[in-house]
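What follows is the residue order along each chain.
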Amino acid sequence: MIRPMIAEYLRYGEASRAEEFIYDHPFQWGSKRTGPDLHRIGGKYPSLWHYTHMMDPRSTSPGSNMPTYPWLAEGRIDAKLAGKKLALMQKLGVPYTNQDIDTAEVSQHRQANTIVADLKQSGVAVEWDSEMVALIAYLQRLGRDQGVGLTDEVPKTAAVLGGQ
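For the structure given in this document, a descriptive report is provided here.

Rules of the game
- Residues numbered from 1 in each chain as written.
- Predicted model: local features only at pLDDT ≥ 70, side-chain atom pairs only at ≥ 80, totals over all residues.
- Heavy atoms only, no water.
- Core = buried A, V, L, I, M, F, W, Y, C linked by side-chain atoms within 4.5 Å.
- Buried < 20%, exposed > 50% of the residue type's maximum accessible area, 1.4 Å probe, protein only.
- Helix = DSSP H or I, 4+ residues; strand = E, 2+ residues; numbered from the N terminus.
- Contact = heavy atoms within 4.5 Å.
- Axes fitted to C-alpha atoms, helices over the stretch in contact; angles between N-to-C directions.
- Parallel < 35°, antiparallel > 145°, perpendicular 65-115°, else oblique.
- Left-handed = near helix turned anticlockwise from the far one by under 90°.
- Nonpolar A, V, L, I, M, F, W, Y, C, P; charged D, E, K, R; others polar.
- Salt bridge = Lys/Arg side-chain N within 4 Å of Asp/Glu carboxyl O.

**Examining the nonpolar core**
Within soluble globular proteins, side chains that are nonpolar tend to cluster in buried spots. Membership of the largest hydrophobic core comes to 18 residues, with the highest contact counts inside it found for Tyr51, Leu119, Met132, Val133 and Ile136. For this core, the secondary structure elements donating two or more residues are α2 (47-55), α6 (104-121) and α7 (131-141). Those residues in contact with Leu119, other than ones at most four positions away along the chain, are Ser47, Leu48, Tyr51, Val124, Val126 and Ile136.

Printed below as a string of structure tokens:
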């Protein structure tokens, strides 16, 4: 349960609302808010920040107790499963269209290549089908469904690797 305490609102921003999770299967609600709401992270930081944060969280957030996730850069996703996953979610009531399902792999590849190109400009080489790129794509989308159009554009923010 998230309590709307003013100190948490000022520090972390607005808490997630139930309608933002309507299509999550299973629901991932926790019992306590202990930090920023990930549903507000999409577009807040550039892809390089997310990459660096996963590789070494303390380099972007001093004092963080988050573990490192270096294997995400080497692990691979099975891109051919994208359409099957969307078809299953459609059966569960998520409003994916048949066109979304038919173009899932191409769309996934396009989004990934945008992130890969952005990271390459910063000197980071990572494969388009890495788990790291998939996670960055997911994080960059969070919270952007509500009134903010989604694009392939990489977020350009004033935030740099040094923090929030």
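**Observations concerning the packing of α2 against α7**
α7 packs onto α2 with a crossing angle of 125° between their chain directions and a minimal axis gap of 10 Å. Looking at the two axes, α2 sits oblique to α7. The interaxial crossing formed by α2 with α7 has right-handed handedness. Across the interface between the two elements, Ser47, His50, Tyr51, Met54 and Met55 from α2 touch Met132, Leu135, Ile136, Leu139 and Gln140 from α7. Its residues placed into classes, the contact of α2 with α7 shows seven nonpolar, three polar and no charged.

**Remarks on the pattern of salt bridges**
This model, assessed by the stated rule, comprises two salt bridges. Here Arg76 and Asp129 are joined by a salt bridge, their closest N and O atoms 3.2 Å apart. Taken together, the residues Arg76 in the loop between α3 (57-60) and α4 (82-91) and Asp129 in the loop between α6 and α7 connect sequence positions 53 residues apart. Accessibility expressed as a relative area gives 19% for Asp129, which makes it buried. Lys80 is paired through a salt bridge with Glu105; the nearest N and O atoms lie 3.7 Å apart. Here the residue Lys80 occupies a position in the loop between α3 and α4, and Glu105 occupies one in helix α6, the gap between them amounting to 25 residues. With relative accessibility at 62%, the residue Lys80 sits in the exposed group.

**So, the packing of α2 against α6**
For the pair α2 and α6, interaxial distance at closest approach is 9 Å and the crossing angle is 80°. The angle between α2 and α6 falls in the class roughly perpendicular. Here α2 contributes Ser47, Leu48 and Tyr51 to the contact with α6, which in turn contributes Ile115, Asp118 and Leu119. Split by residue class, the contact of α2 with α6 holds four nonpolar, one polar and one charged.

**Brief notes about the environment of Val106**
Within the secondary structure, Val106 is located in helix α6. The exposure class of Val106 is exposed, given its relative accessible area of 59%. For the pair Val106 and Ala79, spaced 27 residues apart in the sequence, the C-alpha separation amounts to 9.1 Å.

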